[in-house]
Structures are given as C-alpha cells and as structure tokens.
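Given next are the chains, with one letter for each unit.
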Amino acid sequence: AFSADVGNKTTYRVVAHSSVFRVLRRPQEFVNRTPETVFIFWGPPSKMQKPQGSLVRVIQRAGLVFPNMEAYAVSPGRMQQFDDLFRGEKSHSWLSTGWFTMVIAVELCDHVHVYGMVPPNYCSQRPRLQRMPYHYYEPKGPDECVTYIQNEHSRKGNHHRFITEKRVFSSWAQLYGITFSHPSWT
C-alpha cells in the first residue's frame, strides 16, 4: 500500500527485541514476503538473554522453521559499544531502532543515503497546524512532533530522545558519508 512512497525492497531489516515475536508471528508479512532480507535483531542483554527464555534462542529456532531467513542478533559487547556512542548525549533515555539502524548502516556501508528522516530542528520550524503521523503506516496515530518533543523533555526513563539522536547523526554526516534526502539536511 505504501510501496510507491517507501519502496518495496528491504536488504536489511533492523528489529528491536520488543518486536521479535511480532515478526515471527506474521511470517507472510515479514519473513516470506522478502526472502532476501537479512534480519538484524537488537536489544539489551537483559532482554535478549533473560534466564526465563532467551530471545536469541527464539531467533535461532526461527532459523530452523524458516530456512530461507538469514538472521543475526547484535552481541552484548556490540550493544555496549553502540550504547557508549550515545553515552555523552544520553540522559535517562533508551536508544531507538533508528539509532541502531544508523550505527549498523555506518558500519556496513561506505556511504549511507537516508530518505525521509527529518532534521533535528524540524519540529521547531514546522507550521503549528501541519500534522504528520509518527508512523507513516498509522495516519491516525500520534503526531510526529508531539511525540518527539514530549520524549525529548520527559524526565521518565521509558522514551527515546529522537531530536538528540538526529543532532548526533547530523554531526556524523561528513565523518561517515551520510546524505539525508527528502528532506535534505546537514
């Protein structure tokens, strides 16, 4: 339904620990639909390797059920490295899937071309009455800027600091060969 806007080819799909079961419960949508897609699952070690049931083991079993699925889990050591990259900016927040996707892209690719990510100052410059859904596939869902601003200023620990993450990405642009398009920025 959205392929005209967002494309229909996925080479790598980065999936948060909280979405592992959603992906595996709907293989016709995620696994079988694009068999050439490589899945990279990430999450804090406390979630990925918890004693009552390891998500890493669930992912390994999924590889047996779906032999065409190529899947990897980010190791605890790499998770710590990714987290350390943000440590100087971080204040009682948790990193987003976008953060991990960008870090993985920068590690895998010589040049990263990002489409559809707004710049860090987008919400302060957007006209007040213009509404944009946080998820393009949920047009009646929460507003993107309301979500960004609430999360950025929240003192509780259960949120992402999207604006801060985008500031970091902006500082990485030249260093790591990142280009932002639609909208263009940096």
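Analysis parameters
- Residues numbered from 1 in each chain as written.
- Predicted model: local features only at pLDDT ≥ 70, side-chain atom pairs only at ≥ 80, totals over all residues.
- Heavy atoms only, no water.
- UniProt positions renumbered as here; feature names shortened; annotations may be inferred.
- Domains from an automatic or database assignment.
- Contact = heavy atoms within 4.5 Å.
- Buried area = accessible area lost by both parts, 1.4 Å probe.
- Salt bridge = Lys/Arg side-chain N within 4 Å of Asp/Glu carboxyl O.
- Polar contact = N/O pair within 3.5 Å; in protein donor to acceptor, adjacent residues only side chain to side chain.
- Helix = DSSP H or I, 4+ residues; strand = E, 2+ residues; numbered from the N terminus.

As recorded in an unreviewed UniProt entry, the protein goes by the name Alpha-N-acetylgalactosaminide alpha-2,6-sialyltransferase 6, listed as coming from Macaca fascicularis. Among the UniProt annotations of the protein, the heading Sequence similarities (unreviewed entry) holds the following wording: "Belongs to the glycosyltransferase 29 family."

Caption draft 1: Examining the domain arrangement of the protein more closely. Under the domain assignment, the protein is made up of domain 1 (1–74) and domain 2 (92–185). Here the C-alpha centroids of domain 1 and domain 2 sit 22 Å apart. Contacts between the two partners involve eight residues from domain 1, matched on the other side by nine residues from domain 2. Taken over both partners, the interface formed by domain 1 and domain 2 buries close to 750 Å², and the fraction arising from carbon and sulfur atoms is 82%. Of all residues in domain 1, F2, V14 and W42 bury the most surface against domain 2, accounting for 64% of the area lost on that side. Remark: the boundary between domain 1 and domain 2 carries zero salt bridges. Connecting domain 1 to domain 2 are one residue pair in polar contact (both at pLDDT 80 or more). Listed by contribution, the elements that provide at least two residues to the side of domain 1 that touches domain 2 are β1 (12–16) and β2 (38–42). Looking at the side of domain 1 that touches domain 2, the element that brings in the most residues is β1, giving three residues.

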